[in-house]
Amino acid sequence: MTDISDLVVYVRVVDQGSLSAAGRELRMSPAVVSHRLQRLEARLGVRLLNRTTRKVHTTEEGEIYYGHCLRILEEVEKAEQALTESRENPSGLLKITAPVSFGRRYLAPLIPDFVKAYPEVEPRLHLTESLVNLVEDGFDLAIRVGRMEDSSLMARKLAKDHRYICASPEYLEKHGTPKIPQDLLDHNCLLLRFPGSRQFKWRLVEDGVSHFLAVKGDLDTNNSDVLLDWALSGCGIVMKSQWEVGEHIKSGELIAFLEEYVPQDNVVAALYPQGKHVPPKLRVFIDFLVERISHPVPWE
């Protein structure tokens, strides 16, 4: 296949009318320019230029080839310009996945404002309690709530995720309030279950050491909002984020306990695949989330 740079050399020689002038423009010696032309002619099997001591002139075949080279180089320039614009201008589909409850409460309401600011970006919001594989499923971004573990993904922290163990006053009046983490094993704990979920084991900290309690209960679901409804109805105990239960604790509908045992290293974060270049559509969306969620945190 012909080296595209040889076409550039050939076009510059024809335009300048001499090897030395083309060499000065391309910062090549006349000998290098001559070698590139000879290589091109040898590959094509035709003579492109008639050379004299001062000037060069295209042959009939050379003139035809010159016209094609101009069109080829013009298309290459257009392609490079299009890539540059795509790197600089936020545009195109932006596939986002997020937990159902968080996405519905805090993410979905922000999308219209983002689209107003960046009308050429087309967000596609997929809400699910399941953990989506960004690379395999073709997502640009995932909002995750929890403890960020080592991952092949890049992460941008949006906010802390304070968590509470809580239940309704009615439940605690009937069944008593747990005083130590092990007491939870004798209570009806409401569990969130979905592929990859760890909610059937609650992580608590005692004397600086993490413990995983295999709590149990007679109700579980794959929907976070349903768990909250059950807790408010007095069905059992839940471990929930502040953005889910903060208002209910403040109103007295739920009572938090064992707070000193609940680890506070969970976060709300934006995760995206590693790469040297972050697409503009993704970069501006993450910056938008930081601005709208991190400062200030809406649920605090």
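Preceding this paragraph is the structure being described.
Quantities reported herein were computed from a predicted structural model and do not represent experimental measurements.

What counts and how
- Residues numbered from 1 in each chain as written.
- Predicted model: local features only at pLDDT ≥ 70, side-chain atom pairs only at ≥ 80, totals over all residues.
- Heavy atoms only, no water.
- Helix = DSSP H or I, 4+ residues; strand = E, 2+ residues; numbered from the N terminus.
- Polar contact = N/O pair within 3.5 Å; in protein donor to acceptor, adjacent residues only side chain to side chain.
- Axes fitted to C-alpha atoms, helices over the stretch in contact; angles between N-to-C directions.
- Parallel < 35°, antiparallel > 145°, perpendicular 65-115°, else oblique.
- Contact = heavy atoms within 4.5 Å.
- Nonpolar A, V, L, I, M, F, W, Y, C, P; charged D, E, K, R; others polar.
- Phe/Tyr/Trp six-rings, centres within 6.5 Å; stacked < 30°, edge-to-face > 60°.
- Buried < 20%, exposed > 50% of the residue type's maximum accessible area, 1.4 Å probe, protein only.
- Salt bridge = Lys/Arg side-chain N within 4 Å of Asp/Glu carboxyl O.
- Pairing = 2+ DSSP bridges.

K.L.:
Any chance you could explain the side chain of His187 here in plain terms?
P.N.:
Residue placement: His187 occurs in the loop between α8 (169-175) and β8 (191-192). At 3.0 Å, the side chain of His187 forms a polar contact with the side chain of Tyr171.

K.L.:
Whenever I open this one, the packing of helix α2 (residues 19-26) against helix α3 (residues 30-44) confuses me. Can you help?
P.N.:
Geometrically, a packed helix pair is captured by the angle between its two axes and the distance between the axes. With their axes 8 Å apart at the nearest point, α2 and α3 run at an angle of 105° to one another. The angle between α2 and α3 falls in the class roughly perpendicular. Residues Leu19, Ser20 and Gly23 of α2 pack against Pro30, Val33, Ser34 and Leu37 of α3. Considering only residue class, the contact of α2 with α3 consists of 4 nonpolar, 3 polar and no charged.

K.L.:
Explanation requested: the packing of aromatic side chains in the structure shown.
P.N.:
For the coordinates displayed, the defined rule picks out 9 aromatic pairs. Seen in terms of ring centroids, Phe102 and Trp243 are 5.1 Å apart; in terms of plane orientation they differ by 80°. Their pairing is edge-to-face. With Phe102 in helix α5 (residues 100-107) and Trp243 in helix α10 (residues 242-251), this residue pair connects regions lying 141 residues apart in the sequence. The same class applies to Phe102 and to Trp243, which are both buried. Ring geometry for Tyr106 and Trp243: centres 6.1 Å apart, planes at 90°, overall edge-to-face. Here the residue Tyr106 occupies a position in helix α5, and Trp243 occupies one in helix α10, the gap between them amounting to 137 residues.

K.L.:
Before we go on, may I ask you to explain the pattern of salt bridges in this structure?
P.N.:
If charged atoms from side chains of opposite charge come close, those side chains can pair. Counted by the stated rule, this structure contains 11 salt bridges. Residue Arg292 is joined to Asp113 by a salt bridge in which the shortest nitrogen-to-oxygen separation is 3.1 Å. In this pair, Arg292 is assigned in helix α11 (residues 280-294) and Asp113 in helix α6 (residues 111-117), connecting sequence segments 179 residues apart. With relative accessibility at 33%, the residue Arg292 sits in the partly exposed group. Among the residues examined, Asp113 registers a relative accessible area of 31% and is labelled partly exposed. For the salt bridge of Asp287 with Arg156, the shortest nitrogen-to-oxygen distance reads 3.4 Å. A residue pair is termed long-range when its members are at least 10 positions apart, and Asp287 in helix α11 and Arg156 in strand β6 (residues 153-160) qualify at 131 residues. Look at the salt bridges and you will find they share partners, linking Asp6, Arg36 and Arg39 into a network.

K.L.:
Mind showing me how you'd approach the pairing of strand β5 (residues 141-146) here?
P.N.:
Two faces, one strand: in a regular strand the side chains alternate between the faces of the sheet. β5 sits mainly inside the fold: 5 of its 6 residues count as buried. Across 2 bridges, the pairing between strand β3 (residues 92-98) and β5 is parallel. When the bridges of β5 are listed, Ile96 appears paired with Leu141. By the bridge criterion, 5 bridges tie β5 to strand β14 (residues 267-273) in an arrangement that is antiparallel. Among the inter-strand pairings, Val145 is bridged to a residue of β14, identified as Val268.

K.L.:
How do you make sense of the sheet that holds strand β4 (residues 121-127) when you look at a structure like this?
P.N.:
What links the strands of a sheet is backbone hydrogen bonding, and the strands pair in either a parallel or an antiparallel sense. Strand order across the open sheet formed by 5 strands is β4-β3-β5-β14-β6, with mixed pairing between neighbours. Edge positions in the sheet fall to β4 and β6, since each has one partner strand and no second. If you compare each strand with its neighbour and ignore which way they point, the axes differ by 25° on average. As judged from the 7 bridges shared by β3 and β4, these two strands associate in the parallel manner. Looking across to β4, one finds that Leu93 is bridged to Glu122. Sitting on the sheet, α11 touches β3, β4, β5, β6 and β14, and the angle it makes with β6 is about 20°.

K.L.:
Can you walk me through the environment of Leu192 in this structure?
P.N.:
Along the polypeptide, Leu192 turns up in strand β8. Classification of Leu192 as buried rests on a relative accessible area of 11%. Residues Leu192 and Ile111 lie 81 residues apart in sequence; the distance between their C-alpha atoms is 27 Å.

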